[in-house]
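# Observations on chain architecture
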Amino acid sequence: MVVGIIGIGLIGGSLAISLKESGLASRVIGMDASQHNLDKAVRRRLIDDDMPLEAGVAEADLLVLATPMDAMLTLLPRLLDRIRPDQTLVDVGSTKESLLDGVCGHPNRGRFVACHPMAGTEFSGPEAAVPNLFAGKTCVIVDAQDSDPDAVDTAKRVFSCAGMNFTHLDRSAHDLHCAYVSHISHIASFALALTVLEKEKDEQRIFELASSGFGSTVRLAKSSPDMWVPIFRQNRDYVLDVLDEHIEQLARFRTQLIKRDFDGFYERIRRANQIEKILK
């Protein structure tokens, strides 16, 4: 099939690699607000051609919306206005409620499949695209009952070719769970990076003493604000709920340190170790 990818960054570019390597995509058309990104994607052979939005949409059998979340809110209705009955549109966004509320009742809603491939790195842009980014990871299909069955089948073919497994959630459950397993991790990493930068003014000393554990904990702090501020904006209520719980947990650790309650500290760490049963 001819695949049109709107937003050639880490996710869109990595998906292009997977679809071309699997043979599912006979041609990949790139569409992006940045010609610089498109030029890099062509040089890296992530895409075969770059086109303006309307021309690229008309050429494609499958459309992948892979822009930052705020841009998706504007682009999704425009794409559904133009889509044909033989085309399928999927997104790869990290939040769903605002996005899906914006197209509820659209006459072409059935041609759209809301997807969230749970994969990524702290890097962004077409230069960050890598092979096998999605292999072994989970793709969430959201509110599948609102999509045409053949469109859902096409979406599953696409992400199956990238090596993904599937789960189904409704939009509210998706956004709540992502706040817990993804969005809070990024806020915690941003906060830790700011804490270290504020308290440790000697950047060379940070470099010399930073262990692999610190590096893995703060890795997400390198993530782009252009991507993450829209996610926090659209998932604000659920993120606040999770953030309140995280602050409460930090406060309990702080209280135990103040009271020199190291037996209690030990037990809280033991409880935290139970996450191993989930993350095997």
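Residues numbered from 1 in each chain as written. Predicted model: local features only at pLDDT ≥ 70, side-chain atom pairs only at ≥ 80, totals over all residues. Heavy atoms only, no water.

## A short note on the overall build of the chain
Per the secondary structure count, the chain includes 12 helices and eight strands. On C-alpha atoms alone, the chain measures out to a radius of gyration of 21 Å, which is about the 19 Å that the 2.2 N^0.38 rule sets for 280 residues. Principal-axis analysis of the C-alpha atoms places the extent of the chain at approximately 65 × 40 × 30 Å. Looking at the chain as a whole, 44% of its 280 residues qualify as buried. A separation threshold of at least 6 residues defines the contact pool for the chain, and within that pool the share at least 24 residues apart is 74%. Per element, the accessible surface of the chain, about 14800 Å² overall, is 54% carbon and sulfur. When the 32 positive and 39 negative side-chain charges of the chain are each reduced to one mean point, those points stand 5 Å apart. (Helix = DSSP H or I, 4+ residues; strand = E, 2+ residues; numbered from the N terminus. Rg over C-alpha atoms; globule rule 2.2 N^0.38 Å. Buried < 20%, exposed > 50% of the residue type's maximum accessible area, 1.4 Å probe, protein only. Contact = heavy atoms within 4.5 Å. Areas by Shrake-Rupley, 256 points an atom, 1.4 Å probe, with all protein chains shown as cover. Lys, Arg positive; Asp, Glu negative; His and termini not counted. Charge placed at Lys NZ, Arg CZ, Asp CG, Glu CD.)

## A look at the sheet that holds strand S7 (residues 138-142)
Spatially, the eight strands line up as an open sheet ordered S3-S2-S1-S4-S5-S6-S7-S8, and their pairing is mixed. Among the strands making up the open sheet, the edge pair consists of strand S3 (49-50) and strand S8 (165-169). Where strand S5 (residues 88-91) meets strand S6 (residues 112-117), two bridges bridge the pair, whose relative direction is parallel. Residue pairing in the sheet places Leu 89 in a bridge with Phe 112 of S6. Sitting on the sheet, helix H1 (residues 10-22) touches strand S1 (2-6), strand S2 (27-31) and strand S4 (62-65), and the angle it makes with S1 is about 170 degrees. (Pairing = 2+ DSSP bridges. Axes fitted to C-alpha atoms, helices over the stretch in contact; angles between N-to-C directions.)

## Overview of the environment of His 116
The residue His 116 is located in strand S6 in this model. C-alpha of His 116 to C-alpha of Asp 91: the two residues are 25 residues apart in sequence and 7.3 Å apart in space. Once residues lying within four places of it in the same chain are set aside, the contact partners of His 116 are Val 92, Gly 93, Ser 94, Lys 96, Thr 138, Cys 139, Val 140, His 174 and Cys 178.

## Observations concerning the pattern of salt bridges
Enumeration over the complete set of coordinates arrives at 17 salt bridges. When the shortest N-O distance is used, the salt bridge between Asp 70 and Arg 233 registers 2.2 Å. With a gap of 163 residues between them, Asp 70 in helix H4 (residues 69-82) and Arg 233 in helix H10 (residues 225-234) connect regions that are remote in the sequence. Between Lys 222 and Glu 122 there is a salt bridge, with the nearest N and O atoms lying 3.6 Å from each other. With Lys 222 in the loop between helix H9 (212-218) and H10 and Glu 122 in the loop between S6 and S7, this residue pair connects regions lying 100 residues apart in the sequence. What emerges from the salt-bridge pattern is a single network uniting Asp 101, Asp 143, Asp 146 and Arg 171. (Salt bridge = Lys/Arg side-chain N within 4 Å of Asp/Glu carboxyl O.)

## Here we look at the pairing of S5
By the alternation rule, side chains of S5 split into Thr 88 and Val 90 and Leu 89 and Asp 91, which are all buried. Pairing of S4 with S5 involves four bridges; the strand directions are parallel. The residue of S5 that forms the bridge with Val 64 is Val 90. After leaving S4, the chain enters H4 and then returns to the sheet as S5, a path that is right-handed. (Right-handed = clockwise from strand over helix to strand, strands pointing away.)

## Describing the pairing of S8
Taken together, the five bridges between S7 and S8 define a ladder with parallel strand orientation. Opposite Ile 141, over in S8, you have His 168 as the bridge partner.

## Looking at the environment of Leu 89
Topologically, Leu 89 is positioned in strand S5. The spatial distance from the C-alpha of Leu 89 to the C-alpha of Ile 5 is 9.9 Å, given a sequence separation of 84 residues.

## A closer look at the side chain of Ser 18
Positionally, Ser 18 belongs in helix H1. The buried category is assigned to Ser 18, whose relative accessible area is 7%. With residues near it in sequence (within four places) discarded, Ser 18 still touches Asn 132, Phe 134 and Ala 162.

Read these as spatial facts, not as claims about activity.
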